[in-house]
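Topology and contacts: notes
Now for the letters of each chain:
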Amino acid sequence: MSHDRLLIYGAYGYTGELIARQAVAEGLSPVLSGRNAARVAALAQTLGLDARPFDLEGDAVAGQLADIDVVLHCAGPFIDTAPAMVEACIATGTHYLDITGEIEVFEHVFGRDAEARDNGAVLCPGAGFDVVPTDCVAAALAEALPDATELALGFDSRSGLSPGTAKTSVDGLAGGGRVRRNGRIVKVPLAADVRKIDFGDGLKPAMTIPWGDVATAYYSTRIPNVAVYMPMSPARIRQVKWLNWVRPVVGLSPVRNFLKARAGRVRGPDAATRARHGTYVWGEVCNDAGAARVGRVHVANGYDVTIHASLALARKLLGEPPEGGAYTPSTLAGAGFVEQLPGSGRIEITNE
């Protein structure tokens, strides 16, 4: 059966709505979806689009995708929502994109690679700021130093948080830190490593964070050791380290639910704020002989990257999709993909 439609799930969320509005501005006519029928219908009426509300429980999800070519999944926390949508996409041969940054989701999706290949479904999680810029930098660095065994990535962003990102951050706090060592993802304390990094705006103290590239960079580069850093003030780094002592309490369901309820009150940044705050992205690779390469690129605000990257990847899958299977953004669209996005510069590789 020939499919020719894009469905945006979670279209009424902060990021989902931004993507839906931009899709219309670019001449696309996506089907809008999500669990809340009233909110889906209201946005669809505003944008002149079809509404198709449904939840992600039971076996009925696949039936909603019978005429859909590409799903762009924007409803988090993705650890709760992605498995059912991925299952339905594999069953129907529908291509799947999402905007997650959750390590567990990436690992789940790549664990379905063989089934996706068999059914001709392309699965590409992390089609937004998580993890497009860092993933492209990682791929470019791997090309520059093919025998690299150590990869560090990071970004310097002053963007505010959306409600969905804030809620996901609560789960990240409860889960603690993550790095990849010798090919395996391992738990580490929050802010397990601290170093000074020039992300592109001068040296700053930075700490390790459990960012999605801990999972995805390995599939893009096969580099076995990966860590991701974000700049923080020394005082904030001390606070994060202190959280290691109370993290088990945050993991308790009542506490997590309370914090997520508070996070849900966060308002995402407006267009003017997003326009003022671009993002510096950095990466470094080293091999066993001590050779090193550093990569940097300046991109738009993270939410704007997510809008344009996810829609560009959706267009690619609507047009000439590759063979089925699990992909990262760079394996799907190339290391130079980030350079094609509005507000992005070129990836610069140096021998620092």
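Counting of residues starts from 1 at the beginning of each chain's written sequence and follows it residue by residue. Note on the predicted model: pLDDT of at least 70 is required for a residue's local features to be given, and 80 or more for side-chain atom pairs to be given and counted; whole-chain, interface and lining totals, by contrast, use all residues. Hydrogens are left out, water is left out, and the side-chain values use all remaining heavy atoms of the structure.

The set of buried Ala, Val, Leu, Ile, Met, Phe, Trp, Tyr and Cys residues whose side-chain atoms join them within 4.5 Å is what this entry labels a nonpolar core. Summary of the burial criterion: residues with accessible area below 20% of their type's maximum are buried, those above 50% are exposed, and those between are partly exposed, where the area comes from a 1.4 Å probe applied to protein chains only. Counting residues in hydrophobic clusters, the biggest one holds 96 residues, and the most contacted among them are I8, L32, L72, M85, L97 and L151. Contact definition: two residues touch when any of their heavy atoms are within 4.5 Å. Those residues within four positions of L72 in sequence are excluded, and the remaining contacts are L6, L7, I8, Y9, I19, L97, I99, S310 and L311. By size, the runner-up hydrophobic cluster in this structure holds ten residues, among which are A152, V188, A227 and V294.

Attention shifts here to helix α2 (residues 37-47). Segments assigned H or I by DSSP are reported as helices when at least four residues long, segments assigned E as strands when at least two residues long, and all are numbered from the N terminus. Looking at α2, one finds that the buried residues are V40, L43, A44 and L47. Taken end-on, α2 shows its buried residues confined to a sector of 100°, consistent with a single buried face. Seen from the open side of α2, the exposed residues pointing more than 90 degrees away from its buried face are A38, Q45 and T46. In the core, the buried residues of α2 are packed alongside α1 (14-25) and β2 (31-33). Within 3.5 Å is the distance limit for a polar contact, defined as a pair of N or O atoms, with the added protein rule that one can donate a hydrogen and the other accept it, and that residues adjacent in sequence qualify only through two side-chain atoms. Two to three positions downstream of the cap, the backbone nitrogen of A38 sits 3.1 Å from a side-chain oxygen, assigning the N-cap of α2 to N36. Positioned one or two residues after α2, G48 has a phi angle of 70°, which is positive. This arc corresponds to the set of directions leading from the helix axis out to the C-beta atoms.

A few words now on unusual backbone geometry. Cis geometry marks the peptide bond from G76 to P77; its omega dihedral reads -5°. For P77, the location among the structural elements is in the loop between β3 (70-73) and α3 (78-92). Here D130 and V131 are connected by a cis peptide whose omega angle stands at 15°. Even without being glycine, R222 reaches a positive phi, approximately 65°. Tracing the sequence through the fold places R222 in the loop between α8 (213-221) and β11 (225-231).

For Phe, Tyr and Trp, rings pair up if their centres lie within 6.5 Å, where Trp contributes its six-membered ring, and each pair is then called stacked (planes under 30 degrees apart), edge-to-face (over 60) or tilted (otherwise). For the structure on display, the rule yields eight aromatic pairs. Relative to Y303, the ring of Y14 has its centre 5.2 Å away and its plane inclined at 85°; by these criteria the two rings are edge-to-face. Here Y303 lies in helix α12 (residues 302-319) and Y14 lies in helix α1, a separation of 289 residues in the sequence. The class for Y14 is partly exposed, based on a relative accessible area of 23%. Classification of Y303 by relative accessible area gives buried; the value is 8%. Judged by centre distance (4.1 Å) and plane angle (0°), the ring pair of F110 and Y219 falls under stacked. Placement of the pair is F110 in helix α4 (residues 103-110) and Y219 in helix α8, with a sequence separation of 109 residues. Since its relative accessible area comes to 22%, Y219 is described here as partly exposed. Cluster of aromatic residues (ring-pair linked, three or more members): F110, Y218 and Y219.

Turning our attention to the confidence of the model for the protein. Values of pLDDT, the confidence the predictor places in each residue, fall between 0 and 100. On average, residues of the protein score 89 in pLDDT, and 87% of them reach the 70 mark or higher. Predicted confidence is poor over residues 161-170, with pLDDT under 50, and the contacts of this stretch with residues over four places away or in other chains come to 28 contacts. A low-confidence stretch, residues 254-264 (pLDDT under 50), is modelled with 18 contacts involving residues beyond four sequence positions or located in other chains.

Another point: the pairing of strand β8 (residues 184-188). The pairing of strand β7 (residues 177-181) with β8 spans five bridges and is classified as antiparallel. Residue pairing in the sheet places R178 in a bridge with K187 of β8. Pairs of strands are assigned from DSSP output, requiring at least two bridges between the strands. Counted between consecutive antiparallel strands, the loop separating β7 from β8 contains two residues, among which N182 sits at a positive phi close to 50°.

It is worth spelling out the pattern of salt bridges at this point. For this analysis, a salt bridge means a side-chain nitrogen from Lys or Arg found within 4 Å of a carboxyl oxygen belonging to Asp or Glu. Across all of its chains, the model carries 14 salt bridges by this definition. Across the pair E26 and R315 runs a salt bridge whose closest N-O atoms are separated by 3.4 Å. Taken together, the positions of E26 in the loop between α1 and β2 and R315 in helix α12 put the pair 289 residues apart, joining distant regions of the chain. Looking at E26, the relative accessible area reads 30%, which means it is partly exposed. A residue is classified by how much of its surface remains accessible, and R315, at 37% relative accessible area, is partly exposed. For R112, the salt bridge identified is with E115, shortest N-O distance 2.6 Å. Relative accessible area serves as the criterion here: at 10%, R112 is assigned to the buried category.

Regular strands have side chains that alternate between both faces of the sheet. Summarising burial for strand β13 (residues 292-299): six of the eight residues are buried, a large majority. Both strand β12 (residues 279-286) and β13 contribute to a ladder of eight bridges, which runs antiparallel. Paired with Y280 across the strands is H298, a residue of β13. The hairpin formed by β12 and β13 contains five residues between the paired strands, and G290 there has a positive phi angle of roughly 95°. As paired elements, β13 and strand β15 (residues 348-350) share three bridges and run antiparallel to each other. Bridge assignment links V294 to a residue of β15, and that residue is T350.

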